[in-house]
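Residue-level structural notes
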Amino acid sequence: MNGYMKDFKTMKRILSGLIIAAALGASCSAAVEKARKSPLVSSSKPNIVMVITDDQGYGDMGNRGNPIIKTPNLDRLHDESVRFTNYHVSTTCAPSRGSLMTGRHCNRLNVFHTITGRSLLWEDERLLPQVLAENGYVNGMFGKWHLGDNYPFRPEDRGFHEVVRHGAGGITQGPDYWRNDYFDDTYWHNGELEAYEGYCTDVFFEEAMEFIEANKEQPFFAYISTNAPHAPYNVPEEYYNLYKDVPELPDRFKRFYGMITNIDDNMQRLEEKLDALGLRENTILIFTTDNGTAGGNRIYDGGLRGSKGSVYEGGHRVPFFVRWPAGGVEGGYDVDRLVAHYDVLPTFVDLLGLQFTPVKPLDGKSFARLFHDAEAEWPNRILYMDTQRKQNLLKYQTYTVMDERWRLVNGNELYDVTTDLAQTQNVIESHPEVAARLAEGYERWWQSFESERLNERYAYIKVGSQYENPSRISAHDMLTGKHLHVWHQYGAANASQGTGRWKVEFVEDGEYRISLRRFPVESGLPINATFPEEERRLELDRVFPASVKDDFTAAYLYVAGLSGERKIQEGQEAVSYTGFVPAGRYDMEAQLIDAAGRVYPAYYVEIEKL
């Protein structure tokens, strides 16, 4: 970024901080508007900085015994923190983030998948940033959100005053800006597209640090949610080179480890910023991850079985470090009590004395007492994690039932993790009474979902509102059982097949234009565009695939009173339908059809109230 633009952005951030200090921020969302009316709390309230990385597992740090990876700054934070060594999350990205934000199990939230409309967090849930904003905090979110890319699901609609984010669950996925590749990308800044220079992780930390400096005179929550080390493993060459000559590392993991070491360097920059601003003592600094490792267990498993997506410990037991010197939370010791991501919100409420009345029952419980006493009284709870990844919730779908000592996996495996953390000895035949007790707990837990009739509910993207118009919708959120890669930009390039529908709410009567596209508007590409495979930065980088399909002949739309098939003309970027739509909730089908009559989704749909 050139000096002028960086100075201009810094000035904008400082001015934004001053405005927020006076009025708790200006946001277009109703949730933040409500928060703005709340009184400021005392400036003695601690700041909160939470760093959550993507697909980094329990063993992907030096402090967990990994002999190869270089993470000196995370190792130092580990030594200075209270470490929750029996902390559990969901087994994949969006579900963990939903629970972290709400204090509720992801299955209750419509966030039990990462795509197909089942990662849009119910509009009527109350989130951690909303609670903090109502208690006088100014909130910033930087990086990966993965709980919805359209109104009313975006972070700026859910209590965050300052937002810099990529789209969907990872850079290069469908809702993300076209052909972002981790370097010099375009992100959404408070709802508007803005170009940035630099590597994605560096950008997100830099934006977070500018937010921190601009708001240093008031309590703030900085949520730094990196997309690294998630695939496609693009990494600056200097970090790749740190592991280039390590013979036991396959090339994928040279990049994976390089991404983590880059995060580690950014942790040092963050620590230096907090020190320079005099904020270190009264800042709660948390480091954690969203699920188990994306394959890092093949190199070093940290003593755990399984990886991302698995219901064995390696899929959901992750690091959780907390340091707060002014609150006496430091010193470098382990707490081995069973806690989970949905405990975090009630813990903050308890720890900070926040005013909060849940509108729905929480699954979480405050573990604040454990910050100062690892042996404090703590109930032997039964907790549940599962890997759904279906269109609807499915009972007995890949699950684990946990208490302090035992793990019941899929109903037919039982492990004593106090003596067999690696889960190598199935002892169900020796302890049938334990398996029966945990199985009974699972039945009661599942009944709570059935009583809420969750499979009958859907999250609706709202269009035609003052908060987002036009709305840029992608096949990432299309409800479908046959998705292959339609949710990804690569799927648009490859012309992956799939059919389905979107749930869309038109918030007002009016004239609307609905445009069906293969490629997003910012690409400038016609529906039948072809292009070659992208060149690589590094020899083994994953590259944007070629587009060779050029025989789409028609488009089809069905929503409300607008429907019909239309021919695609040569060089046409979008097929548009215009007409009156009454306010209401609708199923929408939007398709592209090729010369052989095969049906594909419109990978991008733009809806604009005229």
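Look a little higher up for the structure.
First things first, this report covers the structure right here in the doc. (Residues numbered from 1 in each chain as written. Predicted model: local features only at pLDDT ≥ 70, side-chain atom pairs only at ≥ 80, totals over all residues. Heavy atoms only, no water.)

Points about the side chain of T91
You can see T91 is positioned in the loop between β3 (87-88) and α4 (93-102). Judged by its relative accessible area of 1%, T91 falls in the buried class. Within polar-contact distance, the side chain of T91 engages the side chain of T387 at 2.7 Å. Ignoring sequence-local partners within four residues, the contact set of T91 consists of N291, K308, G309, S310, V311, G315, H316, D386 and T387. (Helix = DSSP H or I, 4+ residues; strand = E, 2+ residues; numbered from the N terminus. Buried < 20%, exposed > 50% of the residue type's maximum accessible area, 1.4 Å probe, protein only. Polar contact = N/O pair within 3.5 Å; in protein donor to acceptor, adjacent residues only side chain to side chain. Contact = heavy atoms within 4.5 Å.)

Description of the pattern of salt bridges
Under the defined criterion, the tally for this structure stands at 43 salt bridges. R108 serves as the salt-bridge partner of E452, at 2.8 Å between the closest nitrogen and oxygen. With E452 in helix α11 (residues 432-452) and R108 in the loop between α4 and α5 (128-134), the pair connects residues that are 344 residues apart, well separated along the chain. Residue classification places E452 among the partly exposed positions, given a relative accessible area of 33%. In this structure, the salt-bridge partner of R513 is E608, at a minimum N-O distance of 2.9 Å. Separated by 95 residues along the polypeptide, R513 in strand β20 (residues 510-517) and E608 in strand β26 (residues 604-609) bring together distant segments of the chain. Overlapping salt bridges bring together E80, E271, D275, R280, E281 and R323 as one network. (Salt bridge = Lys/Arg side-chain N within 4 Å of Asp/Glu carboxyl O.)

With respect to the sheet that holds strand β9 (residues 283-289)
Ordered in space as β7-β6-β5-β4-β8-β1-β9-β10-β2-β11, the ten strands form an open sheet in which the pairing is mixed. The sheet is open, and its two borders are formed by β7 (192-195) and β11 (333-335), each paired with just one other strand. Averaged over all neighbouring strand pairs, the angle between strand axes comes to 20 degrees, with direction disregarded. Across three bridges, strand β2 (residues 82-84) lies against β11 in parallel orientation. Among the inter-strand pairings, F84 is bridged to a residue of β11, identified as V335. (Pairing = 2+ DSSP bridges. Axes fitted to C-alpha atoms, helices over the stretch in contact; angles between N-to-C directions.)

Some details on the pairing of strand β8 (residues 220-225)
Where a strand is regular, its side chains alternate between the two sheet faces. The element β8 is largely enclosed, with a buried count of six among its six residues. Of the two faces of β8, the one lined by F220, A222 and I224 and the one lined by F221, Y223 and S225 are each fully buried. Across five bridges, strand β1 (residues 47-53) lies against β8 in parallel orientation. Across the sheet, I52 pairs through a bridge with S225, a residue of β8.

Description of the packing of aromatic side chains
In the structure shown here, the tally under the stated rule is 40 aromatic pairs. Arranged with centres 6.1 Å apart and planes meeting at 20 degrees, the rings of Y442 and W446 form a pair that is stacked. Of the two residues, Y442 and W446 are both situated in helix α11; the distance of four residues between them amounts to about one turn of the helix. Residue Y442 shares its accessibility class with W446, and that shared class is buried. A cation over an aromatic ring shows up here: K503 above the ring of Y458, its NZ or CZ 4.4 Å from the ring centre. (Phe/Tyr/Trp six-rings, centres within 6.5 Å; stacked < 30°, edge-to-face > 60°. Lys NZ or Arg CZ within 6 Å of the ring centre and 35° of its normal.)

A closer look at the sheet that holds strand β15 (residues 406-409)
If you trace the four strands from one edge of the open sheet to the other, you get β13-β14-β15-β16, paired in antiparallel fashion. In this open sheet, the two strands that pair with only one neighbour each are β13 (383-386) and β16 (413-416). The average undirected angle you get between the axes of adjacent strands in this sheet is 20 degrees. Across three bridges, the pairing between strand β14 (residues 399-402) and β15 is antiparallel. Considered in β15, the bridge of M402 is made with R407. Along the sheet, α11 makes contact with β13, β14, β15 and β16, crossing β15 at roughly 65 degrees.

Overview of the environment of E404
Looking at the element boundaries, E404 is found in the loop between β14 and β15. In this structure, the C-alpha to C-alpha distance between E404 and V417, residues 13 residues apart in sequence, is 8.3 Å. Those residues in contact with E404 that lie beyond four places of it in its chain are N86, D336, R337, L338, W378, P379, N380, R381, V417 and T418.

Focus: helix α10 (residues 344-352)
Where burial is concerned, most of α10 is hidden: seven out of the nine residues are buried. Just downstream of α10, G353 is the residue with a positive phi angle, here 65 degrees.

A closer look at the side chain of D420
Looking at where D420 falls in the secondary structure, it is placed in the loop between β16 and α11. One buried charged side chain, D420, makes no salt bridge at all; its nearest oppositely charged neighbour is R305, positioned 7.3 Å away. (Lys, Arg positive; Asp, Glu negative; His and termini not counted.)

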